[in-house]
Amino acid sequence: QVQLLESGGGLVQAGGSLRLSCAASGTFYGIDAMAWYRQAPGMQRELVARISRDGNSYHADFLKGRFTISSDNAKNTVYLQMNSLKPEDTGVYYCAADVLNNYYDPGTMYFGRGAQVTVSS
């Protein structure tokens, strides 16, 4: 069983910053990639950023460079630095991990329970 625990959410004023963290724990062979998704009220969940085990990262175009994903493979932890926050960034931010149970495993995606981020205007 794999657990993903997010932390760092909260309430911030527009223009402020927050840093989300997510640590993976449990029994597994390895993690191929980790990512952050978000879901605004009444909207579908969308991919925000993703980082692979070798450090290659992807950030959604709508972020316009305001967010940065990073990871610490030794700690099975992923971070999301969010700067210049806007009210439209409000939502629940979910950590995701593509977990490998053995060398030949194509991977299984796990999600955390989410962290609320609220940006006030």
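A brief report on the enclosed structure follows. The numbering scheme is per chain: residues are counted from 1 as the chain's sequence reads. A pLDDT threshold of at least 70 governs which residues receive local features in this predicted model, and a stricter bar of 80 or more applies before side-chain atom pairs are shown or counted, although totals over entire chains, interfaces and linings include all residues. Water and hydrogen atoms were dropped before computing side-chain values, which therefore reflect all heavy atoms in the structure.

## A word on the pairing of strand 9 (residues 91-100)
Here's step 1: With respect to burial, strand 9 is a largely interior element, 9 of its 10 residues being buried.
Here's step 2: Of the pairings in the sheet, the one linking strand 4 (residues 30-39) to strand 9 comprises 9 bridges and is antiparallel in character. Considered in strand 9, the bridge of Ile-31 is made with Val-99.
Here's step 3: Any two strands with at least two DSSP-identified bridges between them are counted as paired. Per the convention used, a helix needs a DSSP run of H or I reaching at least four residues, while a strand needs a run of E reaching at least two, with both numbered from the N terminus. Judged from the 3 bridges that link them, strand 9 and strand 11 (residues 115-120) form a sheet pairing that is antiparallel. Across the sheet, the residue bridging to Val-92 is Gln-116, located in strand 11.
Here's step 4: Bridge analysis of strand 9 against strand 10 (residues 108-111) gives 4 bridges, and the strand direction is antiparallel. Across the sheet, Asp-98 pairs through a bridge with Met-109, a residue of strand 10. Accessibility here uses a 1.4 Å probe with only protein chains present; expressed as a share of the type maximum, an area under 20% marks a residue as buried, one over 50% as exposed, and anything in between as partly exposed.

## Section: the nonpolar core
Here's step 1: Residues grouped as a nonpolar core are buried Ala, Val, Leu, Ile, Met, Phe, Trp, Tyr and Cys residues, joined through side-chain atoms within 4.5 Å. The biggest cluster of nonpolar side chains holds 28 residues, and the ones touching the most others in it are Met-34, Trp-36, Leu-80, Met-82 and Tyr-93.
Here's step 2: Among the secondary structure elements, those contributing two or more residues to this core are strand 1 (2-7), strand 3 (18-26), strand 4, strand 5 (46-52), strand 7 (67-72), strand 8 (77-82), strand 9 and strand 11.

## Quick look at the state of the cysteines
Here's step 1: Two cysteine sulfurs form a disulfide in these notes if their separation is within 2.5 Å. Taken as a whole and judged by the stated rule, the model has 1 disulfide.
Here's step 2: Two residues, Cys-22 and Cys-95, share a disulfide whose sulfurs are 2.0 Å apart. Between Cys-22 and Cys-95, the S-S dihedral sits near -80 degrees, and the bridge is therefore left-handed. Here the residue Cys-22 occupies a position in strand 3, and Cys-95 occupies one in strand 9, the gap between them amounting to 73 residues.

## Things to note about the side chain of Thr-77
Here's step 1: Examined against the element boundaries, Thr-77 turns out to sit in strand 8.
Here's step 2: Owing to a relative accessible area of 8%, Thr-77 belongs among the buried residues under this scheme.
Here's step 3: Between N or O atoms, a polar contact is any pair within 3.5 Å; within protein, one atom must be a potential hydrogen donor and the other a potential acceptor, and residues adjacent in sequence are included only when both atoms are from side chains. A distance of 2.9 Å separates a polar side-chain atom of Thr-77 from the backbone oxygen of Lys-75.
Here's step 4: Only heavy atoms enter the contact rule, under which two residues are in contact if any of them lie within 4.5 Å. Not counting residues within four places of it along the chain, the set of residues in contact with Thr-77 comprises Cys-22, Ala-23, Met-34, Ser-70, Ser-71 and Asp-72.

## Points about the sheet that holds strand 8
Here's step 1: Taken in spatial order, the 4 strands line up as 1-3-8-7 in an open sheet, and their pairing is antiparallel. Of all the strands in the sheet, the pair left with one neighbour each is strand 1 and strand 7. Within the sheet, the average angular offset between the axes of one strand and its neighbour, ignoring direction, is 15 degrees.
Here's step 2: Both strand 1 and strand 3 contribute to a ladder of 6 bridges, which runs antiparallel. Across the sheet, residue Ser-7 finds its bridge partner in strand 3, namely Ser-21. Axis geometry follows a simple rule: fit a line to the C-alpha atoms, using only the stretch in contact for helices, then measure angles between N-to-C directions, giving values from 0 to 180 degrees.

## A short note on the side chain of Asp-98
Here's step 1: Mapped onto the elements, Asp-98 comes out in strand 9.
Here's step 2: As a buried residue without a salt bridge, Asp-98 has its nearest oppositely charged side chain in Arg-50, at a separation of 4.8 Å.
Here's step 3: Engagement of the side chain of Asp-98 in a polar contact is seen with the backbone nitrogen of Thr-108, the distance being 3.4 Å.
Here's step 4: Residues in contact with Asp-98, not counting those within four places in the same chain, are Gly-30, Ile-31, Asp-32, Ala-33, Pro-106, Gly-107, Thr-108 and Met-109. Just so you know, the count uses Lys and Arg for positive and Asp and Glu for negative, and it drops His and the chain ends. We define a salt bridge as a contact between a side-chain nitrogen of Lys or Arg and a carboxyl oxygen of Asp or Glu at a distance within 4 Å.

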